[in-house]
Amino acid sequence: MKNLLLKGKVTRKNFELDFDLALPGSGITAFFGESGAGKSTLLRAVAGLVQPSDGQIRIGDEIWQDDEKKIFVPTHKRSVGFVFQDAALFPHLSVRNNLQYGMKRIPAEKRVISLEKAVDLLGIGHLLDRVPDTLSGGEQQRVSIARALATSPDIMLMDEPLAALDMKRKSEIIPYLMRLNAELEIPILYVSHALEEVSMLADHLVLLEKGKVIASGKISEMLTRLDLPLAYYDVAAAVVNGQVIEEDREYCLSTIRFSGGNILLPSANLSVGQQVRLRVQARDVSLTTEKPVNTSILNAFEATVVNLSPDANGQVLIELDAKGTRLLSRITSKSVNTLKLGIGKPIFAQVKGIAVIE
Ligand SMILES: Nc1ncnc2c1ncn2[C@@H]1O[C@H](COP(=O)(O)OP(=O)(O)OP(=O)(O)O)[C@@H](O)[C@H]1O
């Protein structure tokens, strides 16, 4: 697996970005942070659109910048597929010609991803003869992602690719991004300030605040850490990875196995054996000290309290360990006292709502 090394400083009048990151060479890494945190600047440094000082940018064996060795590869010689918020397609060219334009920029022997493959991955085969003006925002963005892919890049850089789209269009595109991630080895750096989007898509997360890297790690671990701001968002959620082990036709339920046990979910077109990612919101997890009986809630797991921290409005956030999977729960401080919760306490986590992501 290719590793990415990104290091450097970008100094502007009222802003300094300082980064030193070793990131996985595959999967989606999200750069997450508030507006002005430096996410886009970091992405632009990888593309060579910004030249950091004391810089080192390595994508696997490719060295794009190494100030010690006085190497700086200009943007047009870096094999990056850039996707922006605005699809930026050529309005006078058909979708097919937009795609071919991207592909023709690289020599034939470097083409690893065929046009057909890019078209298939983004599901745009039926749009090839149309011009961009006649496509929806979501379709345009799928074409723009396919165009970037068709250049067979070493890395995909996506700067808020869904930010200009409404919720419906966003949810149309997310499955395609997941598919790219599942089927291609190309690492994707993905800028976003939407936590829900990131928790659906990312494998790894880099948290930026005012130009500094606050933390970098696996998404499943970052989302539940109480020393980071992510757990305190209203939509805070844990990511749970599991595998479908059974489909119950009679009750229309899927059984998903994860480290903490079996999860029962209303069937959602899943097939046995399939790996799935689930999102469990902190507000949907309640706690009890006794194994729940006679309850309509199907899912309850043994877990241990790892950490507690006060949240706003008299609520408390609780980080839980369900035999290797981190969960979050948000309950009242009164309940914390009633249940006598403390670090290390064994409890049962009852989960009301679970969203299947893939
Ligand atoms: N070309 C530039 N010249 C001077 N300052 C800049 C330039 N580009 C960005 N900045 C400043 O650098 C800081 C970081 O900007 P950047 O766009 O990287 O943040 P961001 O985290 O991507 O924010 P957003 O989510 O709003 O896009 C901001 O204070 C911004 O005003």
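Residues numbered from 1 in each chain as written. Predicted model: local features only at pLDDT ≥ 70, side-chain atom pairs only at ≥ 80, totals over all residues. Heavy atoms only, no water.

Under the annotation held in an unreviewed UniProt entry, the protein chain carries the name Molybdate ABC transporter, ATP-binding protein and is attributed to Oxalobacter formigenes OXCC13.

Enquirer: Got a sec to walk through the overall build of the protein chain? Specific residues and values, please.
Expert: What the protein chain contains, in helices and strands, is 8 helices and 21 strands. In terms of C-alpha radius of gyration, the protein chain reaches 22 Å, essentially the compact-globule figure of 21 Å for 358 residues. For the protein chain, buried positions account for 51% of its 358 residues. Taking the intrachain contacts of the protein chain between residues at least 6 apart in sequence as the baseline, contacts between residues at least 24 apart amount to 65%. For the protein chain, the accessible area works out to roughly 17,000 Å², and carbon and sulfur atoms hold 49% of it. Of the charged side chains in the protein chain, 42 are positive and 42 negative, and the gap between their average positions amounts to 2 Å. (Helix = DSSP H or I, 4+ residues; strand = E, 2+ residues; numbered from the N terminus. Rg over C-alpha atoms; globule rule 2.2 N^0.38 Å. Buried < 20%, exposed > 50% of the residue type's maximum accessible area, 1.4 Å probe, protein only. Contact = heavy atoms within 4.5 Å. Areas by Shrake-Rupley, 256 points an atom, 1.4 Å probe, with all protein chains shown as cover. Lys, Arg positive; Asp, Glu negative; His and termini not counted. Charge placed at Lys NZ, Arg CZ, Asp CG, Glu CD.)

Enquirer: Got a sec to walk through the site of the ligand? Specific residues and values, please.
Expert: Every residue lining the ligand is accounted for by R12, F15, E34, S35, G36, A37, G38, K39, S40, T41 and E160. S35 is positioned with one of its side-chain polar atoms (N or O) 2.6 Å from an oxygen atom of the ligand. In this structure, an oxygen atom belonging to the ligand sits 2.8 Å away from a side-chain N or O atom of K39. Here the ligand has 640 Å² of accessible area as a free molecule, and 56% of this is covered by the chains. For the shell around the ligand, the leading source of residues is helix α1 (residues 39–47), giving 3 residues. The residue inventory of the shell around the ligand, partitioned by class, reads 2 nonpolar, 5 polar and 4 charged. (Near = heavy atom within 4 Å. Polar contact = N/O pair within 3.5 Å; in protein donor to acceptor, adjacent residues only side chain to side chain. Nonpolar A, V, L, I, M, F, W, Y, C, P; charged D, E, K, R; others polar.)

Enquirer: Describe the nonpolar core, naming the residues involved and giving the relevant values.
Expert: In this structure, L99, I145, L149, M156, M158, L177 and L180 are the most contacted members of the largest nonpolar core, which totals 52 residues. Other than its neighbours up to four places away in sequence, L149 contacts I113, A118, L121, L122, M156, L180, L184 and I186. Core analysis: the second largest hydrophobic core is formed by 29 residues, I263, L265, L270 and V276 among them. (Core = buried A, V, L, I, M, F, W, Y, C linked by side-chain atoms within 4.5 Å.)

Enquirer: Any chance you could break down unusual backbone geometry for me, citing the residues and the numbers?
Expert: A positive phi angle, near 55°, is found at K70, a position not held by glycine. Along the chain, K70 falls in the loop between β5 (62–66) and β6 (71–72). For K70, a relative accessible area of 74% gives the class exposed. For K210, which is not glycine, the phi torsion reads 45° and is therefore positive. K210 gets classed as exposed once you look at its relative accessible area, which sits at 69%.

Enquirer: Describe the packing of aromatic side chains, listing the residues and the values that go with them.
Expert: Counted by the stated rule, this structure contains 4 aromatic pairs. A centroid spacing of 4.8 Å and a plane angle of 70° characterise the contact between F90 and Y101, whose relative ring orientation is edge-to-face. In this pair, F90 is assigned in the loop between β7 (80–83) and α2 (95–104) and Y101 in helix α2, connecting sequence segments 11 residues apart. Owing to a relative accessible area of 28%, F90 belongs among the partly exposed residues under this scheme. The lysine or arginine in question, R78, covers the ring of F72, its NZ or CZ lying 4.8 Å from the ring centre. (Phe/Tyr/Trp six-rings, centres within 6.5 Å; stacked < 30°, edge-to-face > 60°. Lys NZ or Arg CZ within 6 Å of the ring centre and 35° of its normal.)

Enquirer: Tell me about the pattern of salt bridges, and please be specific about residues and values.
Expert: Pairing of side chains with opposite charge becomes possible as their charged atoms draw close. Taken as a whole and judged by the stated rule, the model has 15 salt bridges. The residue D66 makes a salt bridge to K69 at a minimum N-O spacing of 3.9 Å. Residue D66 is classed as buried on the basis of its relative accessible area, which comes to 7%. For E183, the salt bridge goes to R179, with nearest N and O atoms at 3.2 Å. With a gap of 4 residues between them, E183 and R179 both fall in helix α5 (residues 167–183), about one helical turn apart. By relative accessible area, R179 is classed as partly exposed at 29%. (Salt bridge = Lys/Arg side-chain N within 4 Å of Asp/Glu carboxyl O.)

Enquirer: Provide a residue-level description of the sheet that holds strand β12 (residues 237–248), including the pertinent values.
Expert: In sheet architecture, strand pairing relies on hydrogen bonds along the backbone and comes in two forms, parallel and antiparallel. In spatial order, the strands read β14-β13-β12-β15-β21; together these 5 strands make up an open sheet with antiparallel pairing. In the strand order of this sheet, the two ends are held by β14 (261–266) and β21 (355–356), each with one partner. Pairing geometry for strand β15 (residues 275–281) and β21, over 2 bridges, is antiparallel. Among the inter-strand pairings, L278 is bridged to a residue of β21, identified as V356. (Pairing = 2+ DSSP bridges.)

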